[in-house]
Amino acid sequence: MSTFTLGGIHPPEHKELACNAAIEVCKLPQRAVVPLSQHIGAPCKSLIEVGQRVLAGQLIGNPEGFISAPVHASIAGKVTGIEAFPSPMGRMVPSIVIENDKSDEWTPLEGDPNYMERSADVLKGRIKASGIVGMGGATFPTVVKLSPPKEKKIDAVIINGAECEPYLTADHRLMLENPKEIVEGLKILMKVLELNKGYIGIEENKPDAIEKMKDAASGDKNIEVWTLVTKYPQGAEKMLIKSILNREVPAGGLPMDVGVVVQNCGTAYAIYEACCLGKPLMERVVSVTGPGITSPKNLRARIGTPVSQLIETCGGLKSGAVKVISGGPMMGFAIYDLDTPVTKGTSGIVALEDKDIVHRTKFNHCIRCGRCVEACPMGLMPLMLSVYSEKGLYTDAKDYHLFDCFECGSCTYVCPSKRPIVQQIRLAKTMVKP
Amino acid sequence: MEQNKQGLIVSVSPHISSEETVPRIMWTVSISLLPALVMGIYYFGPKAVYVTALCIIGSMASEWFVQKLAGKEITLADGSAFLTGILLGLNMPSTVPFYIPLVSAFVAVGITKQLFGGLGYNIFNPALIGRAFALITWTRAMTTWAVPDAAFVAINAKTTATPLGILKEEGMGKLLEVFGDKLSLYKELLIGHRAGSLGETSMIAILIGAAFLVYRRYISLRIPLSFLATVAVGAWIFGGKTGYFTGDPIIHLLSGGLMLGAFYMATDYVTCPTVKSGQILFGIGCGFLTILIRLKAGYPEGVMFAILIMNCFAPLIDRNCRTSVFGAKKEKK
C-alpha cells in the first residue's frame, strides 16, 4: 500500500453515514439556477434570451477564452431570468434561471456506441463540447488538462478515487455502482492522451470500491488499481502522484510537469457519458450527509437544483444543524444561502452540528508545538506563515514558501491553539505577488 | 462569525478540528508528572508536597497578578501556569524555606513568561529560569540536599551531597563507598533513592510519565534521545579519571536532573525548535553543554544552564534548518 511521505492527518472519516446509501435520482427542481461560470477560468456568454424555451441538455452558455467550459440547460422549461445568484463559493455569479415545464424534454443526444474507434481529436472535441470540468471540487476545465503544450510529454493518467475528505461518499458510490463506466472513461482519457498507462487510486477505507474497480479493470493490463493509505489529503493531485508514481510536482508547477494528468472518478464517468451517449455534463452525484442531515443520501441531481431541495429530499436539516458546507469539511465552503444551486463542482453537501465545528473567531498564541509542521503535506512551516501573516509581515511569509500552500487545512485541523492558519495564509497570498 | 438568513454559520475552512487544545495538553503533561511527584513524596516526605504546592500557588498567583495588571484576559484555566509550578517544584530541594518557591515562581511565570508576552512568547523555559534565579540567589539553600528516607514520613534532618556532587568533589571511589558496589549504585539511581531535587531522582517514575507523553504523541523522542545520547558519549569519552574512553556513561545518565530535563524541560514546545532536524541539533547542543558543565565547570550539574543556553538558539536553529519543501528545486542557487 502506498502513500505520500510528508505530513498528512487522520480526521474522523464519518463515511458510514452515507456510504451504504445507493445513489438516488433527485426530483427535478421547480426552478433551476444554472450559473454561467461553474469552472475556473473565463465565464460563459449566454446564448439565450429571457422568455425563450430551452430543452434539457441544450447548450445555453458558450465559453469565452481557452480556460473555460460550456454550460448546458439541466431541465426543460422557460428561461425567466439571467441574473446574479450566489455560487457555492460565495461569489455572485450571473446565472440562467429556468422554470421547469415538467416535460423533461431533452435535446436529441447523439449516442455513439463505437466511440473507441474515433480519433483522439473527435473524443477531445466531445469532452470539450460537453462542458466537462474537474468534478472533485476544483472545477478546472478537463479539456485544458488534455491539451498540454508540446514540450510536456504525458506518460500516465491517474483516476482519483481517493475521496479523502471526511463524510463525502459520492465518488465511493459511483465507483461501486458504475465501475465499468469509470474504466471506460479512463480508457478514453488514455486514448486522447495517446498513452498506455492508466492508474486508479483509492483509499483503503473503501475496500468494496477497490474490489469493484479491480474487477472492472481486470480486462486491461494497462490499467492498475492502487490501494492507498487512508490519510488526508491523499486525494490532492500532488499527493496522489507522489503516492502512486513517486514523482514530485515541482514547486509552482502542474502535474503535467511530471508527465501526469489526474482526473476525478466522477469526471471519468462524465467523459464516458459524453463520448458514448453524447450527454453533456448537466447532472452529478452529490453526497448529502453529515450529522445535521436527517437521513443522509447520495443523490444524482441536475445542475442548478437548489441545495435546499437536496436537503429536503434527505429529510431536512436536524434542529441542531448550524453549518451547511458545499464540499467536504476540510476544504469546502460554508453556504451563505440555501437556495445556492448545485454546480459541476458540488461533490457534497455536509451539514454539521455545533459540536462538530470549531469556532476560530477567538484563538490563542502559537505555542510552537510543531504539530502543523508535522501535518503539512508540502513540508512547509505553517506556524511561521501564520505568525508572519498575523503581524502583517507578508514578504517574510513568502520566504517560507507561502505560495506552495494549497490550503488543505491540515495545519489548521491539528492546531491546539485553534489558530485560523489557512485563512491567515490566504490573506498573505492576496497581499504579496507570487 | 457571520450568520446567514437561515441562521446558519458562515465561516472559512477547515470547518472541523482535532480534539487537541492547549489546556488539554498542559493538564495532561501535568498529570504525567504525578509518578515523579509521588516518588518525591515517598523519599522526601511531606516537605515535598509543601514545596511543590508553594510553587504551584506562586505560579498561578503570579500569572493572575501580571495579567490583571496588564489588563489581559486571565488564562489560569489553560493549565500552563500550573505546569510551570509543578515543574519548578520538582526541581527544588525539599528543604528550602517557603519564600524560595514563591519568589522563584514569580520569576518563572510573572517575569519570564508573562512579561515577555505570555504563553508562546517566552524565550526561556520559565521553570528553569525560576530555578536558575533561585540557585544563584540562594546558592546554599538550593544545594542543601536531604537524605532520602523511605515511606512518606521522612523528617530529613540529615543532609548530604548528590551523587554528581560526590563524583565531582570526591570521585568515583567515594561514590562506591556510599552506595556499595556499582550495581547497587545503578539500582538506587534508577528507583531514585538518592539526594537531589525532589522530583528528579526517580528515573523510573520520570520514564513512566515520559512514555505516556510519547504514546500520546505529545512529545517526540528526537530531543530527549539526542540529548541523552550526547551526554552518554561525552561522559564515556571525557568522564574518566584515567584517560579518554574510561568514563561511566550510566552514572551520568541516571543522575542529576538529566532525565527530567531531557523529557520535560528541553521538549517545552515554546522554547525548542519545531523542525525535526533542528530538534536533533538542539538535543545534541543541550547534551554537549551539560557534559561540559558537569565535567569542567564549577557546578556539579549542568542540565539547567544547558537547556537555557540552547533556548536562545531555538529560533536560529529553526531558521537555518528549515523543512524540506515538497517539490522544491534540489539544485543549489
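Just so we're clear, the structure is a prediction, and the values are computed from it rather than from any experiment.

Asker: Looking at this model, I keep getting lost on the overall build of chain B. Mind explaining?
Answerer: Along chain B, the regular secondary structure elements total 16 helices and four strands. For 333 residues, the compact-globule formula gives about 20 Å, and the C-alpha radius of gyration of chain B, at 21 Å, lands near that figure. If one aligns the C-alpha atoms of chain B with their principal axes, the spans along those axes are about 80 × 55 × 35 Å. By residue count, 55% of the 333 residues in chain B fall in the buried class. Considering only contacts in chain B between residues 6 or more positions apart, those separated by 24 or more positions represent 73%. Of the roughly 14500 Å² of accessible surface on chain B, a fraction of 69% belongs to carbon and sulfur atoms.

Asker: Help me out: how do you make sense of the sheet that holds strand 3 (residues 44–46) of chain A in this one?
Answerer: Sheet strands line up and pair through hydrogen bonds in the backbone, either parallel or antiparallel. All names here are of chain A. Within the open sheet, the three strands sit side by side as 3-5-6. Their pairing is antiparallel. Among the strands making up the open sheet, the edge pair consists of strand 3 and strand 6 (71–72). Where strand 3 and strand 5 (residues 59–63) come together, three bridges link them in antiparallel fashion. Bridge assignment links Cys44 to a residue of strand 5, and that residue is Pro63.

Asker: What exactly am I supposed to notice about the environment of B:Ile250 here?
Answerer: Mapped onto the fold, B:Ile250 is located in helix 13 (residues 249–254). Expressed as a C-alpha distance, the spacing of B:Ile250 and B:Leu189, which sit 61 residues apart in the sequence, is 9.7 Å.

Asker: Sorry if this is basic, but what is going on with the UniProt feature "transmembrane region" (unreviewed entry) in chain B here?
Answerer: Following the UniProt record, the feature "transmembrane region" (unreviewed entry) maps to residues 25–43, 49–66, 73–92, 195–214, 221–238, 250–267, 279–297 and 303–321 of chain B here. Taken end to end, residues 73–92 of chain B has its terminal C-alpha atoms 30 Å apart, with 55% of it in helix and 0% in strand.

Asker: When you look at the interface of chain B and chain A in this model, what are you seeing that I'm missing?
Answerer: A common way to state how big an interface is: give the accessible area lost once the parts meet. Between chain B and chain A, the residue contacts involve 46 residues of the former and 66 residues of the latter. For the pair chain B and chain A, the summed buried area comes to about 4600 Å², and 56% of that belongs to carbon and sulfur atoms. Contact with chain A buries area across many residues of chain B, yet B:His15, B:Ile16 and B:Phe326 alone supply 20% of it, more than any other trio. Summed over the shared surface of chain B and chain A, the result is four salt bridges. Here B:Arg217 ties to A:Glu374 by a salt bridge, and the two come within 3.9 Å at their closest N and O atoms. Put simply, chain B and chain A have 27 residue pairs in polar contact (both at pLDDT 80 or more) between them. Here the side of chain B that touches chain A takes three residues from helix 16 (residues 303–321) of chain B, the largest share from any one element. By residue class, the composition of the side of chain B that touches chain A is 21 nonpolar, 15 polar and ten charged.

Asker: I tried to follow the UniProt feature "binding site: [4Fe-4S] cluster 2" (unreviewed entry) in chain A on my own but got confused; where do I start?
Answerer: Residue and element names in this part refer to chain A. UniProt feature "binding site: [4Fe-4S] cluster 2" (unreviewed entry): in the numbering of this structure it lies at Cys376, Cys405, Cys408 and Cys411. The largest pairwise C-alpha distance within this set of annotated residues, which runs over 36 residues, is 10.6 Å, so the set is compact in three dimensions. By secondary structure assignment, the location of Cys376 is in the loop between helix 9 (371–375) and helix 10 (382–390). According to the relative accessible area criterion, Cys405 is buried, its value standing at 12%. Beyond its immediate chain neighbours, meaning those up to four positions away, Cys405 contacts Leu380, Ile425 and Lys429.

Asker: Before we go on, may I ask you to explain the pattern of salt bridges in this structure?
Answerer: A side chain of one charge can pair with a side chain of the opposite charge when the charged atoms of the two come close. Following the criterion strictly, the structure yields 30 salt bridges over all chains and no others. With a shortest N-O distance of 2.7 Å, A:Arg419 and A:Glu390 are connected by a salt bridge. Of this pair, A:Arg419 sits in the loop between helix 12 (410–414) and helix 13 (421–431) while A:Glu390 sits in helix 10, and the two are 29 residues apart along the sequence. The exposure class of A:Arg419 is buried, given its relative accessible area of 3%. For A:Glu390, a relative accessible area of 36% gives the class partly exposed. The salt bridge involving B:Arg24 is made with B:Glu20; its shortest N-O contact spans 3.0 Å. Judged by relative accessible area, which is 35%, B:Arg24 ranks as partly exposed. Linked through salt bridges whose partners overlap, the residues forming this network are A:Asp104, A:Glu273, A:Lys279, A:Glu283 and A:Arg302.

Asker: What should I look at first to understand the packing of helix 4 (residues 179–192) of chain A against helix 7 (residues 265–277) of chain A in this one?
Answerer: The description of two packed helices rests on the angle between their axes and on the distance between the axes. Residue and element names in this part refer to chain A. For the pair helix 4 and helix 7, the least separation of the axes is 7 Å and the interaxial angle reads 80°. The orientation of helix 4 with respect to helix 7, classified from their angle, is roughly perpendicular. Facing helix 4, whose interface residues are Glu181, Ile182, Glu184, Gly185, Leu186, Ile188 and Leu189, helix 7 presents Cys265, Ala268, Tyr269, Ile271, Tyr272 and Cys275. Here the contact of helix 4 with helix 7 is composed, by residue class, of ten nonpolar, one polar and two charged.

Asker: Just checking my understanding: could you explain helix 4 (residues 80–90) of chain B for this structure?
Answerer: Residues and elements named next belong to chain B. Of all eleven residues in helix 4, ten are buried, a share of seventy percent or more. Among the residues of helix 4, Ser80, Ala81, Leu83, Thr84, Gly85, Ile86, Leu87, Leu88, Gly89 and Leu90 are the ones counted as buried. Residues of helix 4 that are buried sit in contact with helix 1 (22–32), helix 2 (34–44), helix 3 (46–69), helix 5 (99–113), helix 6 (126–137) and helix 14 (258–265).

Asker: Looking at this structure, how should I read the pairing of strand 10 (residues 198–203) of chain A?
Answerer: Look at any regular strand and the pattern is simple: side chains alternate between the two faces of the sheet. All names here are of chain A. With six of six residues buried, strand 10 lies mostly within the body of the structure. Burial along strand 10 is two-sided: the residues Gly198, Ile200 and Ile202 and Tyr199, Gly201 and Glu203 are all buried. With six bridges joining them, strand 10 and strand 11 (residues 223–228) adopt parallel strand pairing. Note that in strand 11 the partner of Tyr199 across the bridge is Glu224. Assessed by its sense of winding, the connection that carries the chain from strand 10 through helix 5 (residues 207–217) to strand 11 is right-handed.

About the thresholds
Residues numbered from 1 in each chain as written. Chains lettered and ligands numbered in written order. Predicted model: local features only at pLDDT ≥ 70, side-chain atom pairs only at ≥ 80, totals over all residues. Heavy atoms only, no water. Helix = DSSP H or I, 4+ residues; strand = E, 2+ residues; numbered from the N terminus. Rg over C-alpha atoms; globule rule 2.2 N^0.38 Å. Buried < 20%, exposed > 50% of the residue type's maximum accessible area, 1.4 Å probe, protein only. Contact = heavy atoms within 4.5 Å. Areas by Shrake-Rupley, 256 points an atom, 1.4 Å probe, with all protein chains shown as cover. Pairing = 2+ DSSP bridges. UniProt positions renumbered as here; feature names shortened; annotations may be inferred. Buried area = accessible area lost by both parts, 1.4 Å probe. Salt bridge = Lys/Arg side-chain N within 4 Å of Asp/Glu carboxyl O. Polar contact = N/O pair within 3.5 Å; in protein donor to acceptor, adjacent residues only side chain to side chain. Nonpolar A, V, L, I, M, F, W, Y, C, P; charged D, E, K, R; others polar. Axes fitted to C-alpha atoms, helices over the stretch in contact; angles between N-to-C directions. Parallel < 35°, antiparallel > 145°, perpendicular 65-115°, else oblique. Right-handed = clockwise from strand over helix to strand, strands pointing away.

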